[in-house]
Amino acid sequence: MSVTAAAGFRAAGVVAGLKPSGKPDVALVVNDGPQHAAAAVFTSNRCKANPVLWSERTISDGQLSAVVLNSGGANCYNGPEGFQTTHASAELVAELTGGQAFDVGVCSTGLIGQPLDRPILEKGIRAAHAELSPDGGPAAAEAIMTTDTVAKQATAAGDGWVVGGMAKGAGMLAPALATMLVIITTDAVADAATLDAALRAATTSTFDRLDTDGCMSTNDTVALLASGASGVTPSAPDLTEAVRAVCADLAEQLWHDAEGAHHDIAIEVTGAASEDDAVEVARAVARSNLFKAAVFGNDPNWGRVLAAVGTTRAAFEPERIDISMNGVKVCVAGGTRFGEPSTSVDLTGRDVHVLVELNAGPATATILTSDLTHDYVHENSAYST
């Protein structure tokens, strides 16, 4: 599984000492080729971490030979030294692998505003390089975890080629993209433009529709690397679908591991005038703390859904909206007619499905979110202390 499922890739994950817990905290993924085409997308947060600023430059030529990742520190807003640490880590990877620093992507995750210990990081990079293996994907996936409770990995098989990936993320899950680091690899033959198109199409319908707490990270990075080691050139649609399948799998794993969540909530909007309208409406509901708190309390208060829908610019007539919760239609025609009693809705299980029928057009979209819980508040109130 993971990033070494595709031929031509080696990876490792090691304990360097960046985390006080003593858990793995440095990962390295190396593309042994013969090709090194790549694409990446990053957070749209205007306050970007040093690794994002570096990697935005390195991906400009559509080439990556390696990606180095660390947990235990975001390397974000910590002075000029922070960017120098990012640059130095890329230089070290290039030195160890015989490549160029400008072909090395860098990713970091952890607390913002604290220095990242460069000697410890460099020690970890050297150790990770020494342990590189075609079977090292799972170890790399473990080393990038922060508040994650499980490592996240996925694969999809084509006809003679493979796509594999790993992700981390459990909080600050909101577009774009989420507080996550994702590395996806393939041994298919593909140029940078094809990879870029496939990645953007995939993230738009997967990671960008994961919105557990409405908070956007400074470090989000999703990179797609191709080794060409299979010798097979798939069609662009086939490659896009495989990348989308891996992204969808990883996004669902991120969703199920959201910090403190007791309910996994899928908000589906149908009958929208456009897909953008459907996304806007679903996201408005997903970001309603009143709605999320109600679900935590197993309270099927559909009025909070309707109120959130009404804050959007989407095209709809309020008196035509229908709302269902876990298959029970609780609101008919915007509440102008009685639906089923709310007491018929069972929210005691983990899975919650909210259906908002706008009855204004043919478009649909689903946003994945979670409830607002005591556990989430506690985890984030004590995160840095």
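Per chain, residues are indexed from 1 in the order of the written sequence. Local features in this predicted model are restricted to residues whose pLDDT is 70 or higher, and side-chain atom pairs enter the listing and the counts only when it is 80 or higher, whereas totals over whole chains, interfaces and linings include all residues. To obtain the side-chain values, all non-hydrogen atoms of the structure were used and water was disregarded.

Novice: Explain the layout of surface pockets to me, and be specific about the residues and the numbers.
Specialist: Taken as a whole, the largest pocket spans an internal volume of roughly 480 Å³. Think of a 1 Å grid over just the protein atoms. A cavity is a set of points where a 1.4 Å probe fits yet cannot get out, a pocket is an open set with protein on both sides within 12 Å along at least five of seven lines, and lining residues have an atom within 4 Å of a point. Lys19, Pro20, Ser21, Gly72 and Thr146 are, among the 18 residues lining the largest pocket, the residues nearest its centre. By residue class, the composition of the lining of the largest pocket is seven nonpolar, seven polar and four charged. Grid points are joined across faces, edges and corners, and a volume is the space filled by probe spheres set on the points. Side-chain classes are defined by residue name, with Ala, Val, Leu, Ile, Met, Phe, Trp, Tyr, Cys and Pro counting as nonpolar, Asp, Glu, Lys and Arg as charged, and the others, Gly among them, as polar.

Novice: Which residues make up the packing of helix H5 (residues 192-205) against helix H6 (residues 236-256), and what values do they have?
Specialist: H6 packs onto H5 with a crossing angle of 40 degrees between their chain directions and a minimal axis gap of 8 Å. For the element pair H5 / H6, the angle class is oblique. The two elements H5 and H6 meet at a crossing, and its hand is right-handed. Listed contacts from H6 to Thr194, Leu195, Ala198, Leu199, Ala201, Ala202 and Ser205 of H5 are Ala236, Leu239, Thr240, Val243, Arg244 and Cys247. Per-class residue counts for the contact of H5 with H6 are nine nonpolar, three polar and one charged. The axes are straight lines fitted to the C-alpha atoms, using for helices just the contacting stretch, and the angles between their N-to-C directions are given from 0 to 180°. Comment: elements are numbered from the N terminus, with helices defined as DSSP H or I runs of at least four residues and strands as E runs of at least two. Each angle receives one of four descriptions, namely roughly parallel if under 35 degrees, roughly antiparallel if over 145, roughly perpendicular if within 65 to 115, and oblique otherwise. It is the rotation of the near helix from the far one that decides the hand of a crossing: anticlockwise by less than a right angle makes it left-handed, clockwise makes it right-handed. Whether two residues are in contact is decided by their heavy atoms, any of which lying within 4.5 Å being enough.

Novice: Lay out the pattern of salt bridges in plain terms, naming residues and giving numbers.
Specialist: What counts as a salt bridge is simple: a side-chain nitrogen of Lys or Arg found within 4 Å of a carboxyl oxygen of Asp or Glu. Evaluated as defined, the whole model comprises 14 salt bridges. Residues aspartate 32 and arginine 10 are paired through a salt bridge, measuring 2.7 Å at the closest nitrogen-oxygen approach. Residue aspartate 32 is located in the loop between strand E2 (26-31) and strand E3 (37-42), and its partner arginine 10 is located in strand E1 (residues 9-14); the two are separated by 22 residues in the primary sequence. The cut-offs for exposure are 20% and 50% of the maximum accessible area for each residue type, with area from a 1.4 Å probe on protein chains only; residues under the lower value are buried, those over the upper are exposed, and the others partly exposed. Accessibility expressed as a relative area gives 41% for aspartate 32, which makes it partly exposed. Of the charged contacts in the structure, one is a salt bridge between glutamate 56 and lysine 48, with a shortest N-O distance of 3.5 Å. The exposure class assigned to glutamate 56 is partly exposed, which follows from its relative accessible area of 30%. The network of salt bridges with common partners includes Asp148, Lys152 and Asp257.

What is shown is where atoms sit, not what they do.
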